[in-house]
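# Structural features, examined
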Amino acid sequence: MKLGFVSDSLGAMPFATMLDHAARMGVQGVEVNTGGWSTAPHLNLADMLKSAEARRAFQTAFADRGLEVISLNANGNPLHPTDPAQGACLRDTIRLAGEMGIKTVCTMSGLPAGRDGDLMPNWVVSSWPPETQTMLRYQWEEKLLPFWTEIVTLSKSCGVERIALELHGNQCVYNVPSLLKLRSMVGSVVGANLDTSHLFWMGADPLIAAEALGDAVYHVHAKDTFLNAPVQATTSLLENGSLMDIQKRSWSYITLGFGHGEEWWRQFCYRLKMGGYDGWLSIEHEDVMLNSLEGLEKSVTLLQGVMPKAAADYAPQAI
């Protein structure tokens, strides 16, 4: 496996400074945000699409430091009913990845409205009352399937081999069954960005999910979640309080090891290997309590100690 981080983890830093820290920490690459819910402080999507020289300079900045561009990440809602810019960002990110020879693009599946004419996305997470099923049919059959059929075609034409969908709340694809359902409908260009943090707060088990997804895991976001048991006991894990008010929330994103210890992360890496994954672990630091650089450094140190790096070579002796 290889280790890197999401560029927005150090989003307040200039591009060159962010890369310098990546090289200093001993990671092998950086996953770069391109837009959507990100201001994309390290990459100007429009400029990069227009200028071959800008693309060369961008990739040279990585190569000069011994780093790779892990992937491009257009994290947003590409099926938002009133914000077509988010879908356009994904399409342009795929085109840019093709121009740069980058084979993996990370994004979300998207979340449409619950019916034609509605103005806001609608996340259905229950099977009752009956209108929930009407909404799901509309979202999947009339919005999700046509959109992802188009995106898969675009990806193939651009030479992008993997679209890694983050299993994220408030998206149509948010768990193992929904990822496998879409993959069965549109093909193997679509796979999972297995982000541990979201599975934690939705009550799933990332260890089992890693095995269940198997070769459908195309990317991994290493991000931890603090489950605040005293608050959870009365509110459940259905949480809509401020992300900044940690004490009052039932769960919060946290630095690796502060929510789940080193032993858990060792088991996670091993389960990934058992499922056939041997790719990138990309740290996404969103802990509001710790300094971003300090939190990222602690996360890198933890994973460097537990992740497999060399190829397996054990074979029973011929006796």
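Residues numbered from 1 in each chain as written. Predicted model: local features only at pLDDT ≥ 70, side-chain atom pairs only at ≥ 80, totals over all residues. Heavy atoms only, no water.

The subject of this paragraph is the sheet that holds strand β6 (residues 190-195). Strand order around the closed barrel formed by 8 strands is β1-β2-β3-β4-β5-β6-β7-β10, with parallel pairing between neighbours. Direction aside, the axes of adjacent strands within the sheet are offset by 30° on average. With 3 bridges connecting them, strand β3 (residues 68-74) and strand β4 (residues 104-107) associate as parallel partners. Counted as the bridge partner of Leu-72 is Val-105 from β4. (Pairing = 2+ DSSP bridges. Helix = DSSP H or I, 4+ residues; strand = E, 2+ residues; numbered from the N terminus. Axes fitted to C-alpha atoms, helices over the stretch in contact; angles between N-to-C directions.)

Counting 81 residues, the largest nonpolar core has Phe-5, Trp-148, Leu-194 and Leu-303 as its most contacted members. In terms of residue count, the dominant contributor to this core is helix α5 (residues 131-158) (7 residues). With sequence-adjacent residues up to four places away left out, Leu-194 is seen in contact with Leu-167, Leu-199, Pro-206, Ala-209, Ala-210, Leu-213, Val-217, His-219, Val-220, His-221, Phe-268 and Leu-272. (Core = buried A, V, L, I, M, F, W, Y, C linked by side-chain atoms within 4.5 Å. Buried < 20%, exposed > 50% of the residue type's maximum accessible area, 1.4 Å probe, protein only. Contact = heavy atoms within 4.5 Å.)

Our next topic: helix α6 (residues 176-186). Turning to α6, its buried residues are Val-176, Ser-178, Leu-179, Leu-182, Arg-183 and Val-186. At its buried positions, α6 is contacted by α5, β5 (162-166), β6, α8 (206-213) and β7 (217-222). The first or second residue beyond α6 is Gly-187, which carries a positive phi of 105°.

Attention now moves to the packing of aromatic side chains. Within the structure shown, the criterion is met by 11 aromatic pairs. Taking the centre distance of 5.4 Å and the plane angle of 85° together, the rings of Trp-123 and Tyr-174 count as edge-to-face. Residue Trp-123 is found in the loop between β4 and α5, and its partner Tyr-174 is found in the loop between β5 and α6; the two are separated by 51 residues along the sequence. Owing to a relative accessible area of 22%, Trp-123 belongs among the partly exposed residues under this scheme. Note on Trp-264 and Trp-265: the rings are 4.9 Å apart at their centroids and 80° apart in plane angle, and the pair reads as edge-to-face. One exposure class covers both Trp-264 and Trp-265, and it is buried. (Phe/Tyr/Trp six-rings, centres within 6.5 Å; stacked < 30°, edge-to-face > 60°.)

Moving on to the packing of α8 against helix α10 (residues 262-274). Direction vectors running N to C along α8 and α10 enclose 10°, while the axes themselves pass 8 Å from each other. Overall, the two elements α8 and α10 adopt an arrangement that is roughly parallel. Two secondary-structure elements touch here, α8 through Pro-206, Leu-207, Ile-208, Ala-210 and Glu-211 and α10 through Trp-264, Gln-267, Phe-268, Arg-271, Leu-272 and Met-274. Residues of the contact of α8 with α10, tallied by class, amount to 8 nonpolar, 1 polar and 2 charged. (Parallel < 35°, antiparallel > 145°, perpendicular 65-115°, else oblique. Nonpolar A, V, L, I, M, F, W, Y, C, P; charged D, E, K, R; others polar.)

A few words now on the pairing of β5. Across the 5 residues that make up β5, a large majority, 4, are buried. With respect to chirality, the unit in which β4 leads through α5 into the neighbouring parallel β5 is right-handed. Sheet topology note: the β5/β6 ladder contains 4 bridges and is parallel. In the sheet register, Ala-164 faces β6, and the bridge partner there is Gly-191. (Right-handed = clockwise from strand over helix to strand, strands pointing away.)

A word on α10. Across its 13 residues, α10 extends 18 Å between first and last C-alpha, which sits within 8% of the 18 Å expected from 1.5 Å per residue. Within the span of α10, buried status applies to Trp-264, Trp-265, Phe-268, Cys-269 and Leu-272. Down the axis, α10 shows its buried residues gathered within 140° of arc, on one side only. Exposed side of α10, more than 90 degrees from the buried face: Tyr-270 and Met-274 are the residues found there. (Expected span 1.5 Å × (residues − 1). Arc of directions from axis to C-beta.)

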